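Descriptive analysis of the structure
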Amino acid sequence: MRTLETLQFDNTYARLPESFYARVMPTPLPNPSLIHFNSDAAALIDLDSDEAKRPEFAACFGGSLLLPGADPVSMLYYGHQFGVYAGQLGDGRAILLGEVRNGHGDKWDLHLKGAGRTPFSRDGDGRAVLRSTIREYLCGEAMQGLGIPTTRSLCIVGSDEPVFRESVETGATLLRMAPTHVRFGSFEAFFYRRQHDHIARLTDYVIAQCFPHLAGVTDTYSRMFTEVAVRTAHLIAQWQAVGFAHGVMNSDNMSILGLTLDYGPYGFLDEYNPGFVCNHSDRQGRYAFHHQPDIGYFNLRCLAQALSPFLIQDQAQDALARYEAAFAERYDALMREKLGLREAGPEDRALVGELLNLLQAGRVDYTNFFRALGGFQQGAGEHNDALRDFFLDREAFDAWAGRYRERLSAEGSRDGERRARMDRVNPKYVLRNYLAQTAIEQATKQRDYSEITRLLELLRDPFTEVSGREPYAAPPPEGGKQIVVSCSS
Ligand code: AMP
Ligand code: MG
């Protein structure tokens, strides 16, 4: 186990050409104090959890103490925001402190969000507010618990620095971890700057760091692009199956590794509504829940354009086609699992589609319905009243249930065994907005961080029902549905 001093920081990114980043020191948070610490993330970098008790810990990750070997830089990237070319963006409030390699040889970037102004800050203050760091911290662990690729978070450090958003809030930092923070937009930067040698340099870097099996093969760049396309397809298939809306799928928020990256105004579906728009600032609904697969495609086209000097046209087209096929295949498989079906059948899409229509028409809670569906009983005399009661139009549900029953019986499904399988894929708990909001209000108004701990414990294993935690599976109370999340963070 390592201490802060023996983390052995390196920064391979900082050894790339200077135009890839800006060297910049964090601006210390005044009076930093540790708000929350994630021992699971610490284990990923072999960091001893007792280190969090030292005052140096909050100093380090509040930006006032630099660890040995750290070589802090803010990364350059460009991007397309809301479908429009946005030019230069870059880490306006985040600093890559360095990289740590654990005992298994896995490399983790340590990226400090909210660390103050950088040359990429434009008009921003370089800060993050406590509210938004809690949202990112919780959701990364929630996604991990759901088995969805994501960045992780080591800790939140708070302060009493006033930060001005819609109202005055306090500044905080989040230490984010990922094998790399390179984004689609990182490649776009050098395409629009017409620095083709840098595109190649960055691609070689990413391949060496993250896709080592592609190093030295023929058509390396095209193969990497295909792999990124497939990973992105699988990621978005998982979002759609679990009911997660990212909210700001700009190309600068798309991880080259297919991780869920940059948690802003995200949301999990409560009632099933495919047109759900979680980001209050997204007036056109570009990033509505049901648009996400198409937006993934759009972003991959941005990446293909950035890589175009090195891609063979046909291969890029093939990779984009692979994206669509990989998405459909994975989404269909995930939905089959949610229904407890073991074998693929020609009528599955219709069965899923009709169920989703019923959920939408009845404004049924997406997570809770699928969890309850595990209790479906096939027996001819079974009415499945608990499931029927989710719907106002019970006859419509009965008609669907009849077809579902036939489908189950055709593959010799057994109730108990199927339920056990379904309970491992249909979560009991998801990070509903109102749950995060409760944790945020207790933290910001009362400096009480215990709700963060309770949520983390539950969401780390969202498939296991915990006695006494039934309220955490409840749909939002009336007021909780109206919580508006904006881009402001
Ligand atoms: P985001 O919407 O958080 O992905 O951010 C989009 C761009 O704005 C990125 O370049 C961010 O680094 C930058 N940005 C967001 N908030 C701030 C802030 N408070 N200060 C400086 N830059 C910011
Ligand atoms: Mg971003």
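Because the structure is a prediction, the values reported are computed rather than measured. (Residues numbered from 1 in each chain as written. Chains lettered and ligands numbered in written order. Predicted model: local features only at pLDDT ≥ 70, side-chain atom pairs only at ≥ 80, totals over all residues. Heavy atoms only, no water.)

For the magnesium ion (ligand 2), every protein donor is listed as Asn253 (OD1) and Asp262 (OD), and the spread of their distances is 1.9 to 2.1 Å. For asparagine 253, a relative accessible area of 11% puts it in the buried group. The exposure class assigned to aspartate 262 is buried, which follows from its relative accessible area of 14%. (Donors = N, O, S within 2.8 Å, 3.2 Å for Na, K, Ca; no water. Buried < 20%, exposed > 50% of the residue type's maximum accessible area, 1.4 Å probe, protein only.)

For the rest of this paragraph, the subject is the domain arrangement of the protein chain. Looking at the assigned domains, one finds that the protein chain contains domain 1 (4-181) and domain 2 (185-337). Placing the centre of domain 1 and that of domain 2 at their C-alpha centroids yields a distance of 22 Å. Every contact between the two is made by 38 residues of domain 1 and, on the other side, 40 residues of domain 2. Buried area between domain 1 and domain 2, both sides added, is near 3,400 Å², and the carbon and sulfur share of it is 61%. For domain 1, the biggest contributors to the area lost against domain 2 are Tyr78, His80 and Phe82; these three give 20% of the whole. Remark: the boundary between domain 1 and domain 2 carries two salt bridges. (Domains from an automatic or database assignment. Contact = heavy atoms within 4.5 Å. Buried area = accessible area lost by both parts, 1.4 Å probe. Salt bridge = Lys/Arg side-chain N within 4 Å of Asp/Glu carboxyl O.)

All told, the structure shown has 27 aromatic pairs when counted by the stated rule. Aromatic side chains phenylalanine 369 and phenylalanine 397 sit 6.4 Å apart centroid to centroid with 85° between the ring planes, which places their arrangement in the edge-to-face category. Here the residue phenylalanine 369 occupies a position in helix H10 (residues 366-373), and phenylalanine 397 occupies one in helix H12 (residues 394-410), the gap between them amounting to 28 residues. For phenylalanine 369, a relative accessible area of 0% gives the class buried. Taken together through their ring pairs, the aromatic side chains of Tyr272, Tyr366, Phe369, Phe370, Phe376, Phe390, Phe391, Phe397, Trp400 and Tyr404 make up a single cluster. Between arginine 286 and the ring centre of phenylalanine 298, over which it is positioned, the NZ or CZ distance is 4.7 Å. One Lys or Arg, lysine 338, reaches over the ring of phenylalanine 370 and ends 4.7 Å from the middle of that ring. (Phe/Tyr/Trp six-rings, centres within 6.5 Å; stacked < 30°, edge-to-face > 60°. Helix = DSSP H or I, 4+ residues; strand = E, 2+ residues; numbered from the N terminus. Lys NZ or Arg CZ within 6 Å of the ring centre and 35° of its normal.)

Mapped onto the secondary structure, isoleucine 148 falls in the loop between helix H3 (130-146) and strand S9 (152-164). Separated by 195 residues in the primary sequence, isoleucine 148 and glutamate 343 place their C-alpha atoms 23 Å from one another. Apart from residues lying up to four places away in sequence, isoleucine 148 is in contact with Met143, Leu235, Gln238, Trp239, Val242 and Thr260.

To continue, consider the site of ligand 1. Residues in contact with ligand 1 amount to 16 residues; listed here are only the nearest, Gly90, Gly92, Arg122, Asp125 and Gly126. Within the side chain of arginine 93, a nitrogen or oxygen atom sits 3.3 Å from a nitrogen atom of ligand 1. Contact between ligand 1 and aspartate 262: an oxygen atom at 3.4 Å from a side-chain N or O atom of the residue. Within the complex, 80% of the 480 Å² of free accessible area of ligand 1 lies under protein. In terms of residue class, the shell around ligand 1 is built from two nonpolar, seven polar and seven charged. (Near = heavy atom within 4 Å. Polar contact = N/O pair within 3.5 Å; in protein donor to acceptor, adjacent residues only side chain to side chain. Areas by Shrake-Rupley, 256 points an atom, 1.4 Å probe, with all protein chains shown as cover. Nonpolar A, V, L, I, M, F, W, Y, C, P; charged D, E, K, R; others polar.)

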